[in-house]
Structure formats: C-alpha cells, structure tokens
Amino acid sequence: MSSYDPQTIEQKWQSAWNEGETFLAVPDANKPKYYVLEMFPYPSGRIHIGHVRNYTMGDVIARYKRSTGHNVLHPMGWDAFGMPAENAAMQEGGHPKDWTYNNIAQMRDQMKPLGLSIDWTREFATCDPEYYGQQQALFLDMLGADLVYRKNAVVNWDPVDMTVLANEQVIDGKGWRSGADVERRELTQWFFKISDMAGELLDALDGLDNWPAKVKTMQANWIGQSRGLQFSFELTESTHGFDGVEVYTTRPDTLMGASFVGVSADHPMIKAMEAEDPNLASFCAEVRKGATNAEAIEKAEKLGFDTGLKVKHPLNPDWELPVWVANFILMDYGTGAIFACPAHDQRDLDFCRKYDLPVTDTFFALDNDTPVANEAFVPAKTEKVKWVNHFAGLDVATGQDAIDATIGFAETAGWGTGKTQYRLRDWGLSRQRYWGCPIPVVHCDSCGIVPEKKENLPVRLPDDVSFDIPGNPLDRHPTWRNCECPACGKPALRETDTMDTFVDSSWYYARFTSPNSTTPTDTNEAGYWMNVDQYIGGIEHAILHLLYSRFFARAMQITGHLPASANEPFDALFTQGMVTHEIYMTKDDKGRPVYHLPEDVTDGKLADGTEVTVIPSAKMSKSKKNVVDPVKIIADYGADTARWFMLSDSPPERDVEWTAAGAEATYKHLNRVWTLSEKIAAMGDDSGQGDEDLLRTMHKAIFDVTQGIESFGFNAALAKLYGFTNALAKSKASASAQREAIRVLAQLMSPMTPHLAEEIWAAHSGDGLLADAPWPVADEKMLVEDTVTMPIQINGKRRSELTVPKDLDKAEVEKLALADDAVLRALENGPVKKLIVVPGRIVNVVI
RNA sequence: GCGGUCGUGGCGGAAUUGGUAGACGCGCAGCGUUGAGGUCGCUGUGGGGUAACACCCGUGGGGGUUCGAGUCCCCCCGACCGCACCA
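Quick caveat: nothing in here was measured; it's all calculated off a predicted structure.

**Student:** So what's going on with the environment of I615? Residues and values would help.
**Tutor:** In this structure, I615 sits in strand 29 (residues 613-619). Put simply, I615 and Y584 are 31 residues apart on the chain and 6.3 Å apart in space, counted from C-alpha to C-alpha. Not counting residues within four places of it along the chain, the set of residues in contact with I615 comprises E582, I583, M585 and Y595.

**Student:** Go over the packing of aromatic side chains with me, naming the residues and quoting the values.
**Tutor:** What the rule picks out here adds up to 46 aromatic pairs. For the pair F192 and W427, a centre-to-centre distance of 4.9 Å together with 55 degrees between the ring planes defines the contact as tilted. Of this pair, F192 sits in strand 7 (residues 183-192) while W427 sits in strand 18 (residues 427-428); the two residues are 235 residues apart in sequence, bridging distant segments of the chain. Here Y508 and F512 contribute two aromatic rings whose centre-to-centre distance is 5.7 Å and whose plane-to-plane angle is 70 degrees, an arrangement assigned as edge-to-face.

**Student:** Now, about the sheet that holds strand 7: what can you tell me, with residues and values included?
**Tutor:** Overall, antiparallel pairing links the 4 strands, which are arranged 4-3-7-18 in an open sheet. Edge positions in the open sheet fall to strand 4 (163-165) and strand 18, since each of these has one partner strand only. Across 3 bridges, the pairing between strand 3 (residues 148-158) and strand 4 is antiparallel. Bridging from a neighbouring strand, D158 pairs with T163 of strand 4. The strands touched by helix 5 (residues 129-144) within the sheet are strand 3 and strand 7, with strand 7 carrying the most contacts at an inclination of about 90 degrees.

**Student:** Got a sec to walk through the pattern of salt bridges? Specific residues and values, please.
**Tutor:** Within this structure, the stated rule accounts for 31 salt bridges. Put simply, D146 and K193 hold a salt bridge, and the shortest N to O gap is 3.3 Å. Here K193 lies in the loop between strand 7 and helix 6 (198-203) and D146 lies in the loop between helix 5 and strand 3, a separation of 47 residues in the sequence. Relative accessible area serves as the criterion here: at 47%, D146 is assigned to the partly exposed category. When salt bridges that share partners are traced, they join E200, R550, R554 and E568 into one network.

**Student:** Provide a residue-level description of the side chain of T398, including the pertinent values.
**Tutor:** Structurally, T398 can be placed in strand 16 (residues 396-398). By relative accessible area, T398 is classed as buried at 11%. Of the polar contacts made by the side chain of T398, one reaches the backbone nitrogen of D401; its length is 3.0 Å. Ignoring anything within four residues of it in the chain, the contact list for T398 reads K381, T382, E383, K384 and W387.

**Student:** Give me the sheet that holds strand 14 (residues 363-365): which residues, what numbers.
**Tutor:** Read from one edge to the other, the open sheet built from 3 strands follows the order 14-15-16, with strand pairing classed as antiparallel. On the outer flanks of this sheet lie strand 14 and strand 16, each paired with one strand and no other. Going across the sheet, the axis of each strand differs from the next one's by a mean of 45 degrees, ignoring polarity. Across the sheet, helix 12 (residues 399-413) is in contact with strand 15 (384-387) and strand 16; its angle to strand 16 comes to roughly 95 degrees.

**Student:** Any chance you could break down the protein's contact with RNA strand B for me, citing the residues and the numbers?
**Tutor:** Every one of the 46 residues lining RNA strand B counts as a neighbour, but T250, L330, Y333, R347 and N844 are closest to it. Within 4 Å of the protein, the contacting atoms of RNA strand B are drawn from sugar and phosphate to the extent of 63%. Note that a phosphate oxygen of RNA strand B is positioned 3.2 Å from one of the side-chain N or O atoms of N726. Looking at the surface near RNA strand B, the elements with two or more residues in it are helix 7 (213-223), strand 9 (242-249), helix 20 (660-681), helix 22 (714-730), strand 31 (787-794), strand 32 (797-805), strand 33 (834-838) and strand 34 (842-846). In terms of residues, the surface near RNA strand B owes the most to one element, helix 22, which gives 5 residues.

**Student:** Run through the nonpolar core, naming residues and quoting values.
**Tutor:** Nonpolar side chains in soluble globular proteins tend to end up buried together. Formed by 164 residues in total, the largest nonpolar core has its most connected members in F139, F192, Y508, Y509, F552 and W658. When sequence neighbours within four positions are dropped, the list of residues in contact with F552 reads L138, M142, F192, W427, V503, S506, W507 and Y509. Core analysis: the next-biggest nonpolar cluster, separate from the first, contains 32 residues, V261, M273, C341 and I403 among them.

**Student:** Pulling in residues and values, what's your account of the packing of helix 21 (residues 691-710) against helix 23 (residues 735-749)?
**Tutor:** Close contact between helix 21 and helix 23 brings their axes to 10 Å; oriented N to C, the two are set at 10 degrees. One way to sum up the angle between helix 21 and helix 23 is to call them roughly parallel. Where helix 21 abuts helix 23, its residues D691, L694, L695, M698, A701, I702 and V705 lie against A737, Q738, E740, A741, V744 and L748. The residue inventory of the contact of helix 21 with helix 23, partitioned by class, reads 10 nonpolar, 1 polar and 2 charged.

**Student:** Talk me through helix 23; I want residue IDs and the actual numbers.
**Tutor:** Over its 15 residues, helix 23 runs 21 Å from end to end, which matches the ideal 21 Å to within 8%, given 1.5 Å per residue. Where burial is concerned, most of helix 23 is hidden: 11 out of the 15 residues are buried. What helix 23 keeps buried is the set A735, A737, Q738, A741, I742, V744, L745, A746, Q747, L748 and M749. Where helix 23 is buried, its residues touch helix 19 (639-647), helix 20, helix 21, helix 22 and helix 24 (754-763).

**Student:** Hey, could you go over the pairing of strand 23 (residues 491-494) for me, with residue numbers and the actual values?
**Tutor:** Across 2 bridges, the pairing between strand 20 (residues 441-444) and strand 23 is antiparallel. Bridging across to strand 23, H443 finds its partner in L493. Counting the residues between successive antiparallel strands, the hairpin from strand 22 (residues 482-484) to strand 23 contains 6 residues, one of them, G489, with a positive phi of roughly 80 degrees.

**Student:** Run through the environment of E495, naming residues and quoting values.
**Tutor:** Along the polypeptide, E495 turns up in the loop between strand 23 and strand 24 (498-499). Within the structure, the side chain of E495 is placed 3.0 Å from the side chain of W190, a separation counted as a polar contact. At 3.2 Å, the side chain of E495 and the backbone nitrogen of D497 are in polar contact.

**Student:** Could you give an account of helix 2 (residues 49-67), with specific residues and numbers?
**Tutor:** Here helix 2 spans 27 Å end to end across 19 residues, near enough to the 27 Å set by a 1.5 Å rise per residue. Of all the 19 residues making up helix 2, 18 are buried; the element is thus mostly covered by neighbouring parts of the structure. Directly beyond the C-terminal end of helix 2, a positive phi value near 90 degrees is found at G69.

**Student:** Explain the confidence of the model for chain A to me, using residue names and the numbers behind them.
**Tutor:** Overall, the prediction assigns chain A a mean pLDDT of 89, with 98% of residues at 70 or greater. Across residues 291-298 the pLDDT falls below 50, and counting only partners more than four positions away or on other chains, this stretch makes 10 contacts in the model. Reported confidences for the modelled complex are a pTM of 0.92 and an ipTM of 0.92.

**Student:** Mind laying out the pairing of strand 3, listing which residues take part and the relevant values?
**Tutor:** Direction of pairing for strand 3 relative to strand 7: antiparallel, over a ladder of 10 bridges. Within the sheet, the bridge partner assigned to A153 lies in strand 7 and is L187. Between strand 3 and strand 4, which pair antiparallel in sequence order, lie 4 residues; one of them, M162, sits at a positive phi of approximately 55 degrees.

**Student:** Report on the state of the cysteines, specifying residues and quantitative values.
**Tutor:** This structure, assessed with the given rule, holds 0 disulfides. Here C341 is not disulfide-linked; the sulfur of C352 is the nearest cysteine sulfur, at 8.9 Å. Take C341: its relative accessible area is 4%, and that puts it in the buried class. Of the cysteine sulfurs around C437, a residue in no disulfide, the closest is that of C127, at 11 Å. The class for C437 is buried, based on a relative accessible area of 0%.

**Student:** I'd like to hear about the side chain of R122, residue by residue, with values.
**Tutor:** Among the secondary structure elements, R122 is positioned in the loop between helix 4 (96-111) and helix 5. For R122, a relative accessible area of 7% translates into the label buried. Of note is the side chain of R122, whose polar atom sits 3.0 Å from the side chain of D119. Setting aside chain neighbours within four positions, we find R122 in contact with A25, L73, P75, M76, F512, T513, S514, P515, E525 and W529.

**Student:** Before we move on, could you go through the packing of helix 19 against helix 20 and cite the residues and values that matter?
**Tutor:** Where helix 19 contacts helix 20, the axes come no closer than 9 Å and their chain directions differ by 120 degrees. The two elements helix 19 and helix 20 meet at a crossing, and its hand is right-handed. For the pair helix 19 and helix 20, contact is made by D640, T641, W644 and F645 and by G662, A663, T666, Y667, H669 and L670, respectively.

About the criteria used
Residues numbered from 1 in each chain as written. Chains lettered and ligands numbered in written order. Predicted model: local features only at pLDDT ≥ 70, side-chain atom pairs only at ≥ 80, totals over all residues. Heavy atoms only, no water. Helix = DSSP H or I, 4+ residues; strand = E, 2+ residues; numbered from the N terminus. Contact = heavy atoms within 4.5 Å. Phe/Tyr/Trp six-rings, centres within 6.5 Å; stacked < 30°, edge-to-face > 60°. Pairing = 2+ DSSP bridges. Axes fitted to C-alpha atoms, helices over the stretch in contact; angles between N-to-C directions. Salt bridge = Lys/Arg side-chain N within 4 Å of Asp/Glu carboxyl O. Buried < 20%, exposed > 50% of the residue type's maximum accessible area, 1.4 Å probe, protein only. Polar contact = N/O pair within 3.5 Å; in protein donor to acceptor, adjacent residues only side chain to side chain. Near = heavy atom within 4 Å. Core = buried A, V, L, I, M, F, W, Y, C linked by side-chain atoms within 4.5 Å. Parallel < 35°, antiparallel > 145°, perpendicular 65-115°, else oblique. Nonpolar A, V, L, I, M, F, W, Y, C, P; charged D, E, K, R; others polar. Expected span 1.5 Å × (residues − 1). pLDDT = per-residue confidence, 0-100. Disulfide = S-S within 2.5 Å. Left-handed = near helix turned anticlockwise from the far one by under 90°.

Laid out in structure tokens, this is it:
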C-alpha cells in the first residue's frame, strides 16, 4: 500500500490535463455552452488565500458543468494597469511594466498548482498593447456613438495620487486607494455618458433574477431615481439675463410651506453675480472650499447668504420669497436650486431657524396638530396626513397621492413639469497617470480634438519614462506627445490622460471570448460564448465594477461589438465571503501591540513560551499578520486540501475562518479516502452483505451532492461526501459494490479535489480521464425507501417513532400509532382529541 | 437617520422550506492499536435529571397564529453591511 502523496499526484494529473488540452475552449454548436468567470486578479505578485477560495468556487462550477455535457469557457487574465505599479517604480525604482509582468509570471506560477480547469491559451493582461489597443478602438467607436464627451467639471482631486477620482472612488471624502482627503478642482475631463442610461440600468435590475438582492439594492440606491416637479420661480427683477430660478423638488405638495428659494454657490446666476459682489464671492469661495470629508459634512453648519433677490410664488404673485445661497445645495443634482419647506425638511428647518426665516406647516399628522418646532415633520410618503389649505383641494391624503396630484395640477396649469431625476452622474474616466490605457485622441490647433485613426492603434505607452517626480510622466515626456493631426496632418499633441482602470475591467469578459481578435471582439465568438453564465467575485465590486460593466455591455452592443442579447453581461452573480483568521498579539515594553504570524504561534504561545492575546477572526491583512500563504499550504498539504477546506465549514457567501486545525482535518480526511481506495483496490472478488444499502447511500449522495453544487451549497455538498465516505468505510458490501461506490465517490469529489479524484478513478479502472467522464446520475428508484420511520408526536412533542411500509394507508398508520407504548402511556391522561397523519412524514396525537 | 442581512451546542455550521433541532466537521472525553507521544481505529458528546428509563428545559428576549414554529406574524434587544445635505 502506498500513502497519499499530493505533490506527486497533483503534478501528474495537471500534466495529463495539459497534454490532453482538456480545458481548451472551442465553440461547438452541438453542445450547450457555459461561461464561468471569476473576477480577474490584480497582479500584486502573490496569490492570497481569498483567491484560492474564489477560483476554487469557479472551478467547482466549471468542472461540474463540463461533466454534465456543457462546453465550458473558463478563462483567466490580469487586471494589470493601475497605481501600485507606479508606486513601486517611485519607491523602489524600476519600471511599472517590468514590475507588472514579473508579478504576473509569479502569480501564474503560484496559481497553476491549484489545478484549476482554466483555458490558459486565452490569458491576457489589460496592459498588453493588444488589449488596450482594442480598448482604444472601442473608445473611438463610443466617441462616434456619442457615448463619450469632454467637459469642464469640478472633479475630485486626489492630492496624493495626483489624479482625478470618480464619485464612486471617493469613500467618505477620501481617495479609495490613497486614503487622502479629496479636494475639489475644475478640469477638462473625458466622461462616459452613463447617466443617459440611468433609467435603463435601473429598470434592467429587475430582470437579474440570479443576482443577489443586496447587490441590486445597492445599485438601485446608487442610481437613485426620484420623481418630482420642475418649475421656475419668476424673479421680481431680472438679473444678469436671468428672469427666474428653475427648481426641482420631490415634494411639490409642500409648496404652500415655502420659505425661501435656495441656490447652489456654483449656480450660473450666482457665478455671474459674484463678479460685482465681493461679499458674495468670498462666501461662495468659502462654500466651494468646503468640506469634502464625511465627518465635516456631518457636522457642517448650515451656511447661507441672502442675495437680496426676490421671486414670486407661482400660486400667488403677491407672495414674494427671498433668494439665498446655501452651502447644502449641490449644483450637479436637479437644477442646483430648490425651494425650502422647513416644516417638512430638517435641513431647511435648521437653515430657517438659524437665519430667522418663516416656518409654515402644510400638513399635520391625523392625530396631532402641534406646529413644527425644531424637528421637521417628515412622515413616510405612504402615511395619510391632514392637509392645511391645499391648493389642489386635498384634505386627508398620503404624501405620495399629494405629490401625484400636485404634479398633475402644475402640468394642467402649465407652470411645471413632472420630471424623473437620477443621482447617478456621468463617469469621469480621465486619469493623470502613466500606467493606464492612453486616451486615443489628438489636440490640434486647427481641428481641435481629433480621434486617432484606427490604423494607428494602439497608441502605445512609451517605455522611456521616469518616476522621480510626482505627476504624469506622459506630460513631461520630451517627444511622446508630438504627433500629426489625423485630420489635417499638421503637427499636433497627444492627449496625455489615460483611462481609469475600471474601463479595463468593464469589458474583459467580452474579450475572453476572442482574445486574439483584431477588433475588440469577434462577433461570432462573442455571440456563441456570451453571456457569462456564472460570475463570481467579491461584494466590494457591487457598485463600481458591476455597474460599469453593465454600461459597457450596452455601449458595446450599440457600437456593434456585442449582440443585443448580451445587454446584461452576467446572467448570474455570486458574491463570495472573505477568508478570515484569528489575530495573535503581544505588547512590547512600551505597551504597543506586536502581531505574530499564525505559524509562529502554537497552543496560544510563541516559541519562547510567551502567551499571545487572541483577537477574534478578521479579514486577513499584512499589518495584523493574520495571513496564511497558499503556497505554503499547497507545499504542506497539497492543492486538494486547500481547495476542499476553502469550501467546507461555511456557506460560500459567508466569511470562512482559516484554522490550522481545519486544514489539518481536511488533510486527514483526504488521507482516509486514499486509504479506503487502497483497501478496496486490494479486495478480491469477495461477496458481502449490504450491497443494497451501500448503493442506496451512494445514489442518495449523488443526488445530494449534485443539488449542493447546483445551489452553491458547497459546504452542504461536502458534508454529504463525508457521510458517504463514512458509510463506505464501514460497509461490508461486496467488492464489486464497493468498487462502484469508490468510483462514484471519486466522481463526486472531482470538482473539489480533482487530482485525488483522478488518481482514484484511474486506480479503479475508470475509463479515460475523470475530467472527461460524465457526471453520475442518481437512480430515482434507489432514492425511495420501502419503509419509512415516522416520528410520533404527542401534543407536538416527539415521543416515539414508527417504522412502516412507505405506502401503508393512513388508517393503518393511525392504528399502529395508537398502539405505541408512549401513546398508550399518554392516553392515561385523557382521550385523543385529534390525530394528524402526514403520510411518510409524521404522526401527531393530540390529547 | 434610512435601507438591508443575520442571531441555533465549547466552536464553524446543517435542517428536504411549517413536520424527529443540532447533519457534517472541529474540540472534548473514554476505550483499543502503538505501547513515549503523535498517527490510526472504535464509542460518546445541547443543558438538567435518572442506576437505567421516564420526564423537564432548549434555536437572542417577549407575545401570537398552528395539531405542530429555528422556519410565518407583531414588539423588543444585539451584531454586521450598505447609503446618507441627492431637494
């Protein structure tokens, strides 16, 4: 008997799959296709255990689908542009390109031993000129289709990374990568017209039945649809060419409670007025500088400036309202102007109390007429309230009904229009960085902005750049900018901005369908493989990456690079949980925490006997040293152990805790399976007992494991495999039955532990590669037991049980139940009031 | 503040969706093998109670619906996540 040696068998079978081109994906009209994709990694240089979990889940699906007759596409690539490469160049010297490609080579070497069923021939990195050149072609097509434009915009400027960030990349007022406080700057920037699709992106969420509700909710909130009324307040005297102030409100029903009209400091009318009013100008400057970080916004005092302008109330020309500039009004939402209704909006109320402006209630709760004091009355829109003097004649109605009535009223009267508004802004894609996809346009003195010709693509990044000073190396490159105008041929200058790296990951899934195509996609290949049937990745991409990808799929459809059926790129989405680990801490002589790697801690002690404090499991991080290295795990136990353990214990959508004991237990289990296989292989043609039982257990396992995989219940599937293994180990069945069982066990384990499974399959004369074998099918007849054991409850509590033939009729079951000892005992306390028999399930005797 | 998810043994977690709560794994205990330990094998393991049964309690807390509730409804407590001056 040999012992389980993962190092040897894993390499052996990886070579076999490789030589057999087992996982090469080739379109085949005779097979249903299945496209499995895990979010591709950033090439940091080392894989972490989270990658192992993510890619193992995808691999389980991919291998399972292959064995059920699907033509599977399961590719891998690298999200390779971005800041860390430049940071490394700045800190350690070297070139971002070398750094990136070296990291990719290292990570590929670390990933391949996992034995993933990936078609490596499709591999690419987004920093390959072949990829970003096609991205530039796509950009030009989008420019032609009016999906990209340039505008002057107040942008989020990250002073550390020295670049612009999209709104989505600003988290609590800080840069998502650098963590620096973001400033506001005005620059000319390129934008994708994602906001034009806001309604469509929102509505289409409804059709994504196999996406987590949480992700859909997050996207819906981000898109932020609201329905309201837009109308104009007429100025008593026009100023700087403005006759009125256009406002947008979602609560037009509160118009009778209007207190003042508020406008943003960035409103064009205010900007015009600033020129001749230094006080106003300094106020606006103060507001613009204003807080961008969350705490400051939270605490921010309401600030206002009375412009002295007056407007007429649309329902009563004699009623004049003052116009104030207020710091809480945003120019890029709605019209940048509002009317304030302090009684029913806390912000407006705070403002009015501070500047002593009137507060008028427009409705009351049905049971409470107390006027608003310092807390605005803001009931749910679905709640009925009592209206004071409503202009559209309402008395008691819900807020929503009142809003609808008011919009109707205003439209009929002709002074306002119902309007749907979105929170989603256009996606600013310009980045003042080197290591990104160059924006393929040229600035010509005569022709203006001119797209580069497609035959000149890719616009390549120059290699001879330096990172000794901050800012964009493309900007200061001596010659790279110089080019000919594609329109007039005169000397011109290239755009030096590169694209946000989220652009790279917004269409890579489509490129995988034809990675070598000389157009962004080959429409035949894309037509065959798209959509992604199962996408797997982290919840952290719920908004940014997934929303951008949905936008790009539509843009690629409009520009002819994807079929209309690929509108939504990801049919099903699964968001997996993190891998966590305990944190081990001691303190130094100054009382500061010192963290220790898991491998340095045994039984809560360091090697020198010092006790460590154990902090509950948290996301692995280098600074807390609670990390395990997949390379070491694979070296110690093999890939199959790492894969199996990452799927056991916790449901895949939840966090899983890495424990040394758990990994050890997995390894032991795989050893037991190995030993069991050896034992069975050594059996003669013995006869035995309990073949039927073993085969029934086997078919039940086939059924349960299949269901577990289909429903992403990997942990439950593994539990069933433990059960089946234990049953087989104890079985006294004949050699032939045991051989059949061990072969099926190998098959059922193969998505999770493919190497061990192949080895067992081969040892028991399985036909060809297990990776090519069809998935076993449970025999329905073997799933149905002849007899069932039903619990007997007395007054709802289980007291006894009854084993009867499955089809025994109800009256017989009742008779047997009433003869049960426990029931007889209970009957001493009184007669049967009710007798419930659910055939095959349960008996309940009510006394 | 608004929205969502979730609370089950010492621990990770199951529960065919209203039908035997605690599958499976870890840990722990006992026995066997080895005989120093570890490995390996077997058995037990929610709490109380009993010689053993019986029996009582038990899915964050309280109430309700039901023959029957971890599962459905209402209230409360706690944890985590997302959003948050968006008019």
